[in-house]
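One letter stands for each residue in the lines below.
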2 protein chains.
Amino acid sequence: MKTSIAQVKAIMTADQHESFVTRRIPEVTLEFGGIKGDRHFGITAKADSRQPMYEKGTEILNRRQITIVSEEQLRDIATELGVSEVLPEWLGANLLISGFKDLTTLPMGSRLLFPNGVGLICMGENKPCIHPGEMIQQHYPSEEKVATRFVKAGYKKRGIVCAVECPGHITVNEEVKILINDFSNPMQ
Amino acid sequence: MKTSIAQVKAIMTADQHESFVTRRIPEVTLEFGGIKGDRHFGITAKADSRQPMYEKGTEILNRRQITIVSEEQLRDIATELGVSEVLPEWLGANLLISGFKDLTTLPMGSRLLFPNGVGLICMGENKPCIHPGEMIQQHYPSEEKVATRFVKAGYKKRGIVCAVECPGHITVNEEVKILINDFSNPMQ
């Protein structure tokens with residue numbers, strides 16, 4: 001099994017009223033269900049337009065507890081959009097990592113392991129929708145059609161969603177070890 | 001996205017003392033965490049030798065709530081072992097389905113949807129270990145080395161593990177619709 005090492009550059013929580021935008025915090029305790037107080041916290045969540053196989057509002061298992069983006073891929077998105085930077089907060093990310101560029105295509109079932117024994121399990125690619133694009137647009141009012149262009153610019157670059165597999169405390173600047181799942185001989 | 005239809009041929013629970021072997025029941029309510037009373041029931045579970053990235057006994061997210069095997073693949077395993085049949089109970093399976101032969105390689109994140117709105121989410125391949133082989137061996141005492149041969153015979157044929165994504169009631173002989181996850185354009 002292939003492994004990789006990355007670094008936690010930022011930890012963020014979406015605890016602002018009626019906004020998916022996150023704000024930076026120096027450290028956090030990850031619980032089963034995610035980050036307490038974050039809008040995505042919960043063992044379960046309500047199905048929305050992302051899960052059309054269930055009626056909207058149905059209580060389903062929450063696999064979108066923690067969203068992670070990579071510094072390198074945000075830089076690529078900014079370049080593609082022609083803006084100076086795209087902040088992870090605007091995408092509602094909970095973690096920003098660097099040193100593992102191809103984060104978005106990390107296979108489901110891969111593990112992200114932190115020094116305290118904390119583990120996240122990758123639940124797959126987070127597909128770009130228009131809302132983060134609208135947030136980027138607000139910061140670059142002179143740029144054209146950023147909101148809609150984000151969906152294409154963020155293709156396979158918008159990061160992943162994870163569930164907390166093993167709870168505990170994480171801190172900015174920690175190393176994270178990535179165990180890359182191999183479907184020919186998958187982790188269990 | 002590709003879809004397929006299969007049929008529920010048996011529902012089983014592992015509720016016998018200190019045994020992973022399951023027994024047939026005509027219907028069951030799937031809850032968040034799996035089947036109440038089954039040895040694998042729980043939102044969380046203890047890490048074991050299958051999760052060497054965590055210390056044994058650590059409480060981790062339970063992705064192995066429901067195990068599913070396919071009738072066609074059990075038949076292939078029996079042929080390979082040279083025995084008349086391999087029952088799903090001996091493998092500790094919770095569901096036996098027919099009509100979807102390549103169950104074991106169903107991609108993670110695929111959905112199995114039942115008539116009542118119940119949904120399971122595929123958490124990947126269940127890799128064969130020696131214990132089900134020992135159980136098969138007990139039923140065929142005259143066959144040689146069934147226990148160890150099972151690990152090879154069951155390769156990519158031993159079925160999948162799932163988590164309950166949307167709870168509810170399921171019944172034997174129901175149809176199950178399978179939404180096959182495509183990593184190039186994954187379900188969310």
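Just above sits the structure.
In short, a report on the structure. These numbers were taken from a predicted model, which means no experiment stands behind them.

**Quick word on the relation of the copies chain B and chain A**
Stage number 1. Placing chain B over chain A gives an RMSD of 0.0 Å and needs a rotation angle of 180°, together with 0.0 Å of translation along the axis. What the superposition gives is, in effect, a two-fold axis relating one chain to the other. Looking at the rotation axis and the C-alpha trace of chain B, the residue lying nearest is B:Met108, at 3.3 Å.
Stage number 2. Residue by residue, 100% of the interface of chain B is reproduced at the interface of chain A, so both copies engage with the same surface.

**Section: the packing of aromatic side chains**
Stage number 1. Summed over the entire model, instances satisfying the criterion amount to three aromatic pairs over all chains.
Stage number 2. With 5.1 Å between their ring centres and 10° between their planes, A:Phe183 and B:Phe183 make a pair best called stacked. Here A:Phe183 is found in the segment after strand E12 (175–179), whereas its partner B:Phe183 is found in the segment after strand E12 (175–179) on a different chain.
Stage number 3. Taking 6.1 Å as the distance between ring centres and 75° as the angle between the ring planes, the aromatic pair formed by B:Trp90 and B:Tyr140 counts as edge-to-face. With B:Trp90 in the loop between helix H1 (71–81) and strand E7 (95–98) and B:Tyr140 in the loop between helix H2 (130–139) and helix H3 (146–153), the pair connects residues that are 50 residues apart, well separated along the chain. Residues B:Trp90 and B:Tyr140 agree in their burial class; the two are buried.

**Here's the deal with the pattern of salt bridges**
Residues and elements named next belong to chain A.
Stage number 1. Counted according to the given criterion, the structure contains 20 salt bridges over all chains.
Stage number 2. Two residues, Glu31 and Lys36, come together in a salt bridge whose shortest N-O distance is 3.6 Å.
Stage number 3. The salt bridge involving Glu165 is made with Arg111; its shortest N-O contact spans 2.8 Å. Taken together, the residues span a long stretch of sequence, with Glu165 in strand E10 (residues 160–166) and Arg111 in strand E8 (residues 111–113) at a distance of 54 residues. Like Arg111, Glu165 is buried.
Stage number 4. Connected through shared salt-bridge partners, Lys9, Glu71 and Arg75 make up one network.

Rules used in this analysis
- Residues numbered from 1 in each chain as written.
- Chains lettered and ligands numbered in written order.
- Predicted model: local features only at pLDDT ≥ 70, side-chain atom pairs only at ≥ 80, totals over all residues.
- Heavy atoms only, no water.
- Least-squares fit on C-alpha atoms with pLDDT ≥ 70 in both.
- Contact = heavy atoms within 4.5 Å.
- Phe/Tyr/Trp six-rings, centres within 6.5 Å; stacked < 30°, edge-to-face > 60°.
- Helix = DSSP H or I, 4+ residues; strand = E, 2+ residues; numbered from the N terminus.
- Buried < 20%, exposed > 50% of the residue type's maximum accessible area, 1.4 Å probe, protein only.
- Salt bridge = Lys/Arg side-chain N within 4 Å of Asp/Glu carboxyl O.

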